Amino acid sequence: MEKTINARQFALIGFMSVFSLKLVALPSLLFSRVGADSLFIIIGMAILDFLSFLLIYFVLKRNQDISFYQFLSKHIGKFFSKFIMILLLVAFLFKMSTLIGSAYLYSQEVIFQRAPFILFLFIMLAISNSLVLFKSKSYARTVEFFYPIISIMFAAFILMALLTAELNPITPLFKSGAKIFSTIFDYSMVSGDFVFMLLFMGKIKFDKNSSKTLFGHLLWAIVLLITFYFVNNSIFRYTGTLHRDAISEVVQFLPLPGILGNFDWLAVSLMMILFSFQGGLFLLCANQACVDIFRFKNMNEEKMQKWTLFFTNIIVIVLMYTIFQSFSDLRLLGVNYLKYLTLAIIAILLVVFFIELAKFNKNDKKLIGNSKSGKKKDKLNKFEVANEKNN
Amino acid sequence: MKKIIKKIFSHPIICLLIMISIVFLPAAVVAQPESVSMLIISALAVDKNDDGIETTAIAYIPKSTQIFNENYKVISSKGETVYEAITSMGVLTGKIPALAHTNLIVVNDKLCEEGLLSSFDYLSRKYGLGSDTIIMNTSTSAKDILTSANKLSMSSGILLEEISTFNDKNVIHEKSDLEGLYNASFAPSKSLLLASIELEEEGLDPGGSSTGGSSSGDSSGEASGGTESGGETGSTKKKLSNKGTAVVLKEGKKIMDLSKDDVQNLSWAKRSDNSSVLTLQNYSDENFTNSTLTLFVPKNRVNFDAHFESQKPILNISIMPKMQIVEVNQELIDKDIYASQYKFATEKMLETVKNQIITQTKSILDKLVANNADILNIYQKFDSKDTRQFERYLNSLENRDDYLKGIEINIDVSSVID
């Protein structure tokens, strides 16, 4: 299989995938449930994400030459593989729709209140589609180009907040008790973004330092995210629920930008870049899942991708104009139903991991067996040599 | 030509670009600037009267002129709710009210007494209002305050927004903005301090009509701007009066007024810079004889220690002001009192300062405790320190809201005088 992206580019895509949905409405939604304990929810989500990354990384590293679909077909057959790909397609389509919905609400509030939805949908789909059409290699290179800009902007923004904003103590904590766990489950749809990595299986060129690069970038993303939640909760100690556009509102409360003028553009540009990349990523993954589901023998890969992309676009548009019409619908759908989809994906991940683990154990036994027989042969050889010498 | 068309169609991104240009570019080119259709509100007054809500705004209206002169107008409208009244303003002017640049909201007493949270619901949902939208209270009409403020800014350039920012930073030492209002109301202490601004009658103007914005300042440093009222024969000129008074809100509702002295006394219990002044009357020691000493406090640091002793909540407040002697008034002027090598801060002076600060702080804390007004966020201090024990203490009370009354407050002062 052709290796289109290297480990660093892959790590940067992972870095980008951590944010966007978690920086806009989520802080407010979590705050309304558990107050300042929302910090622990995001820590919990980060731990789960990181664990899922470890499982995925183990599988990816050991299957560098086949795609995820090929891996599944090899071990569980085509029927179940297609079923899993359908689940992933549904998950990514819903994630894409949630992203567009949240991004529209955010942009409407901070950029242009009277912007029609069709205009935003058109822009979002145009960017996401072009990122998909230019394929994963171009996508990865674009991410690589924007990474330093995003990383520095985000880090500068958080540093500025820590140094200048009026931070209130967020203690006492753990007042919500077990509600923390139920909230993690309810809002699990916005986490688990590393699942996208499965669909990149076989395209990544791993090297000696790849694990260091991947771990480093993903941990950096998680640290930035947790610090952002700390800053948000500390600034809006009792009013977190009121601030639906968290990242832009945090900027407004920093005294330094207040003196220099409106610094909203910092958050707006950051979010627009993140929304575009994440939109592109979700569409890329949805499209890949779609290609694997409808794999026709007499159609070449490129043509197939264009048709499936058209198909996924149609589904996204239909979803946006039917069930994703309001913010409340969007939230209720996520909290009431989509969490079960996340459960299903966790189950898939575990299945994949155990398949790989079983394979690993089998190979290990073989290797041990081989090495044992090798030793016997050595002993025999030594015995023969000794006999010859005696004779 | 055929080749070009073929090339274009072979690159979908170029098709997309052409499509975007065809669909959106003409509309974008001919669209009028958004600012023309907007009523940009820089300050808002909300009055609650018997017939509903009246909102008044100082609004910027763009106008083409040869001279550099910003066109600010005072616009007023009524409605059942704040949203309705603000929307009526738009109907009145044919523009959409924009609140992103609103830095000040003045509210009248009646609205404060009935509760700001419910009235301000629309404003709190509005993105852009927050860190720099300060709320001020007035016992007169908020509309009149804005009318005077507009005239004052036209004539002297003094802005009410600047006065309100000054008050927050240097008088009440508290963020009394929209965010502060909600933060304080949703916090367990539920209390907030709001600065007040008043109108004072300047006297009768027999000449009839007045255009406002006359002189600036009097002995108390008040700025003035005129507004007209009265009948045909004469009109009363009113001026803005910023005396450093304030009101205390609990859950968004006004519960008590604080005089200038109360606000000044309360400032000892707050961390502040460049603000307080302490006056020692009839003070005598080896350096001064029967003097009136004015001490300026460039820095005041405060430490709170909340703890429990045999289940009784105790709050120790340590006040550490750094002071400078800025004025000495006494009959006998001796050149030695100007000498920089003298150390004027004697034991007696430090003791007098300490006693005066303790007396002043105690007097305001007693008033606040009597009204259950937790301006110093004492609830959060105990809750953070020992949640369980504080919860036990609250449960032991007949009324949980009376928690301040059972807390023993000790004040200690260690001042430094230069």
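Residues numbered from 1 in each chain as written. Chains lettered and ligands numbered in written order. Predicted model: local features only at pLDDT ≥ 70, side-chain atom pairs only at ≥ 80, totals over all residues. Heavy atoms only, no water.

Overview of the pairing of strand β14 (residues 291-309) of chain B
Residues and elements named next belong to chain B. Of the pairings in the sheet, the one linking strand β12 (residues 272-273) to β14 comprises 2 bridges and is antiparallel in character. Across the sheet, residue Asp273 finds its bridge partner in β14, namely Lys299. Across 5 bridges, strand β13 (residues 277-283) lies against β14 in antiparallel orientation. Residue pairing across strands places Tyr283 opposite Ser291, the latter belonging to β14. Pairing analysis gives 16 bridges linking β14 to strand β15 (residues 312-329), with the strands arranged antiparallel. Each residue of the ladder has a partner; that of Arg301, found in β15, is Met320. Counting the residues between successive antiparallel strands, the hairpin from β14 to β15 contains 2 residues, one of them, Ser310, with a positive phi of roughly 45°. (Pairing = 2+ DSSP bridges. Helix = DSSP H or I, 4+ residues; strand = E, 2+ residues; numbered from the N terminus.)

Details of the packing of helix α4 (residues 68-110) of chain A against helix α5 (residues 117-133) of chain A
Residue and element names in this part refer to chain A. Packing of α4 against α5 leaves a shortest axis separation of 10 Å and a crossing angle of 130°. It follows from the interaxial angle that α4 and α5 lie oblique. Considering how the two elements wind past one another, α4 and α5 form a crossing that is right-handed. Along the contact surface, α4 presents Met96, Leu99, Ile100, Ala103, Tyr104 and Ser107, while α5 presents Phe117, Phe120, Leu121, Met124, Leu125 and Ser128. A class-by-class count of the residues in the contact of α4 with α5 yields 10 nonpolar, 2 polar and no charged. (Axes fitted to C-alpha atoms, helices over the stretch in contact; angles between N-to-C directions. Parallel < 35°, antiparallel > 145°, perpendicular 65-115°, else oblique. Left-handed = near helix turned anticlockwise from the far one by under 90°. Contact = heavy atoms within 4.5 Å. Nonpolar A, V, L, I, M, F, W, Y, C, P; charged D, E, K, R; others polar.)

Description of the sheet that holds strand β10 (residues 246-250) of chain B
Within a sheet, each strand pairs with its neighbour through backbone hydrogen bonds, oriented either parallel or antiparallel. All names here are of chain B. Judged by pairing direction, the sheet is antiparallel, and its 3 strands sit side by side in the order β7-β10-β11 without closing on themselves. What marks the edges here is a single partner per strand, and that holds for β7 (191-195) and β11 (253-258). Recorded for the sheet is a direction-independent mean angle of 30° between the axes of neighbouring strands. For β10 and β11, the ladder comprises 5 bridges, and the chain directions are antiparallel. Bridging across to β11, Lys250 finds its partner in Lys253.

Quick look at the confidence of the model for chain B
Of the residues in chain B, 88% have a pLDDT of 70 or more, and the chain-wide mean is 83. ipTM for the predicted complex: 0.77, alongside a pTM of 0.83. (pLDDT = per-residue confidence, 0-100.)

Some points on the pattern of salt bridges
The final tally for this structure, using the stated rule, is 24 salt bridges over all chains. Across the pair Glu144 of chain A and Arg8 of chain A runs a salt bridge whose closest N-O atoms are separated by 3.1 Å. Here the residue Glu144 of chain A occupies a position in helix α6 (residues 135-164), and Arg8 of chain A occupies one in helix α1 (residues 7-17), the gap between them amounting to 136 residues. According to the relative accessible area criterion, Glu144 of chain A is partly exposed, its value standing at 25%. Note that Lys175 of chain B and Asp177 of chain B form a salt bridge whose closest N and O atoms lie 3.7 Å from each other. Look at Asp177 of chain B and you get buried, because its relative accessible area is 2%. Overlapping salt bridges, with partners in common, bring together Lys22, Asp49, Lys95 and Asp193 of chain A in one network. (Salt bridge = Lys/Arg side-chain N within 4 Å of Asp/Glu carboxyl O. Buried < 20%, exposed > 50% of the residue type's maximum accessible area, 1.4 Å probe, protein only.)

A few points about a nonpolar patch on the surface
Nonpolar side chains collect at one region of the surface, where Leu159, Leu162, Leu163, Leu167 and Phe230 of chain A lie side by side and expose about 440 Å² of accessible area between them. Checked against the element boundaries, Phe230 of chain A lands in helix α8 (residues 210-235). (Patch = residues over 30% accessible without salt bridge, like charges linked within 9 Å, V, L, I, M, F, W, Y side chains within 5 Å. Areas by Shrake-Rupley, 256 points an atom, 1.4 Å probe, with all protein chains shown as cover.)

A closer look at the packing of aromatic side chains
Applying the stated criterion across every chain yields a total of 43 aromatic pairs over all chains. Note on Phe50 of chain A and Phe215 of chain A: the rings are 5.7 Å apart at their centroids and 70° apart in plane angle, and the pair reads as edge-to-face. You can see Phe50 of chain A sitting in helix α3 (residues 38-62) and its partner Phe215 of chain A sitting in helix α8, a full 165 residues away along the chain. On the accessibility criterion, Phe215 of chain A (24% relative accessible area) is partly exposed. Ring geometry for Phe308 of chain B against Phe382 of chain B: centres 5.5 Å apart, planes inclined by 70°, an arrangement best described as edge-to-face. With a gap of 74 residues between them, Phe308 of chain B in strand β14 and Phe382 of chain B in helix α12 (residues 378-385) connect regions that are remote in the sequence. (Phe/Tyr/Trp six-rings, centres within 6.5 Å; stacked < 30°, edge-to-face > 60°.)

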